[in-house]
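# Analysis of the macromolecular model
One letter stands for each residue in the lines below.
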Amino acid sequence: MKYEPVIGLEVHAQLLTDTKIFCGCRAAYGAAPNTQTCPVCLGLPGALPVLNRRAVDFAVRMILAVGGRVNRESIFARKNYFYPDLPKGYQISQFDRPIGEDGAITFLEDGSECSIGLIRIHLEEDAGKSFHPENALDDEASWVDMNRCGVPLIEIVSKPDIRSPKQAGLYLTRLRQTLEYLDVCTGNMEEGALRCDANVSIRPIGQTTFGTRTEVKNMNSIRGVERGLAYEIERQSKLVESGG
Ligand code: ADP
Ligand code: MG
Ligand code: ZN
């Protein structure tokens with residue numbers, strides 16, 4: 001192969017707290033739609049978020065487990081965007097002072113140790129969940145379940161240190177294992193407790209600067225991430241070959 005893939009993963013992990021990150025609603029998966037909501041997580045006017053101490057504890061647990069640095073001072077930020085599953089019109093996330101930075105995920109690949117650096121681990125709230133029923137021909141409605149609004153997440157952002165889809169799979173497997181071992185996340189990808197955005201670019205072997213990346217969003221299986229990356233690497237190679 002003439003090109004080397006460069007991959008960086010963003011992983012969202014739902015934290016296993018009893019209640020949501022900024023209110024007292026239950027955070028458990030699987031309840032009847034819109035039964036676990038309140039003025040805070042619905043974003044009603046005048047509602048005041050109060051941070052869940054246990055969500056912070058769980059984030060710190062993960063940061064320490066991967067050898068990261070816990071920032072003594074950390075701030076939340078508003079990420080503004082319009083979407084029907086986001087009643088406030090913004091997500092409470094972290095930007096320039098995340099709770100954790102650095103650290104690494106290490107694993108074995110064909111017997112040799114591989115270490116993938118982390119850029120940051122930050123806390124944020126999950127959004128609601130939209131449903132678009134496919135089989136309803138005369139039903140043009142979409143549905144939204146706000147139970148997931150305000151479920152605590154950590155986002156774990158890797159450096160662009162990953163070099164193959166297989167390595168991305170091994171990284172995710174070890175990451176999920178670590179979260180499960182620490183009891184901070186179920187790791188259940190079918191239920192969306194762990195979701196991955198994969199950033200990927202290619203570059204001619206030997207080149208030190210990075211190419212232009214694309215991002216494959218919201219994948220909910222490790223196999224899906226590997227296959228999505230393989231497809232994208234192939235697509236980008238052809239594009240670059242043809243002068244794109
Ligand atoms: P954004 O919110 O814009 O996606 P983040 O900093 O949260 O930004 O994540 C960017 C991700 O993309 C990181 O995992 C990083 O390692 C990866 N990345 C950055 N540049 C490249 C590149 N040229 N090729 C592949 N991955 C990249
Ligand atoms: Mg991204
Ligand atoms: Zn609530």
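An account of the accompanying structure is given in this report. Fair warning: this is a prediction, and the values are worked out from it, not measured in the lab. (Residues numbered from 1 in each chain as written. Chains lettered and ligands numbered in written order. Predicted model: local features only at pLDDT ≥ 70, side-chain atom pairs only at ≥ 80, totals over all residues. Heavy atoms only, no water.)

### Brief notes about the pattern of salt bridges
The line we're drawing: A pair is scored as a salt bridge if a Lys or Arg side-chain nitrogen falls within 4 Å of a carboxyl oxygen belonging to Asp or Glu. Only DSSP runs of H or I covering at least 4 residues are called helices, and only runs of E covering at least 2 are called strands; the numbering of each starts at the N terminus. Exposure is judged per residue with a 1.4 Å probe applied to protein chains only, and the accessible area is read against the type maximum: over 50% gives exposed, under 20% gives buried, and values in between give partly exposed.
Within the structure shown, the criterion is met by 16 salt bridges. A salt bridge links K88 to E125, with the nearest nitrogen and oxygen atoms 2.7 Å apart. Of this pair, K88 sits in the loop between β3 (77-80) and β4 (90-93) while E125 sits in strand β7 (residues 112-125); the two residues are 37 residues apart in sequence, bridging distant segments of the chain. By relative accessible area, E125 is classed as buried at 6%. The salt bridge partner of R223 is E226, with a shortest N-O separation of 3.5 Å. Of this pair, R223 and E226 both sit in helix α3 (residues 222-241), separated by three residues, roughly a single helical turn. You can call E226 partly exposed: its relative accessible area is 23%. Beyond isolated ion pairs, a larger network of salt bridges with shared partners links D197, R213, E215 and K217.

### As for the coordination of the magnesium ion (ligand 2)
Note the threshold: Water is not part of the atom set, so a site may look incomplete; the donors themselves are N, O and S atoms within 2.8 Å of the metal, or 3.2 Å for Na, K and Ca.
At 2.1 to 2.7 Å from the magnesium ion (ligand 2) lie its protein donor atoms, namely E10 (OE), E10 (OE), E215 (OE) and E215 (OE). One end of the pair, E10, is in strand β1 (residues 3-14); the other, E215, is in strand β12 (residues 214-219), with 205 residues separating them in the sequence. Judged by relative accessible area, which is 17%, E10 ranks as buried.

### Remarks on the coordination of the zinc ion (ligand 3)
Our working definition: In this scheme the shape depends on donor count and angles: four donors with every angle between 85 and 135 degrees give tetrahedral, four or six donors with opposite pairs above 155 degrees and others between 65 and 115 give square planar or octahedral in turn, and any other case is irregular.
Those protein atoms acting as donors to the zinc ion (ligand 3) are C23 (SG), C25 (SG), C38 (SG) and C41 (SG), and they sit at 2.3 to 2.4 Å. Here the zinc ion (ligand 3) is ringed by four donor atoms whose angles at the metal span 101 to 115 degrees, and the overall shape comes out tetrahedral. One chain supplies every donor to the zinc ion (ligand 3), and in sequence these donors are spaced C-x1-C-x12-C-x2-C. With C23 in the loop between β1 and α1 (53-65) and C38 in the loop between β1 and α1, the pair connects residues that are 15 residues apart, well separated along the chain. On the basis of relative accessible area, C23 is assigned to the buried category, the value being 13%. On the accessibility criterion, C38 (18% relative accessible area) is buried.

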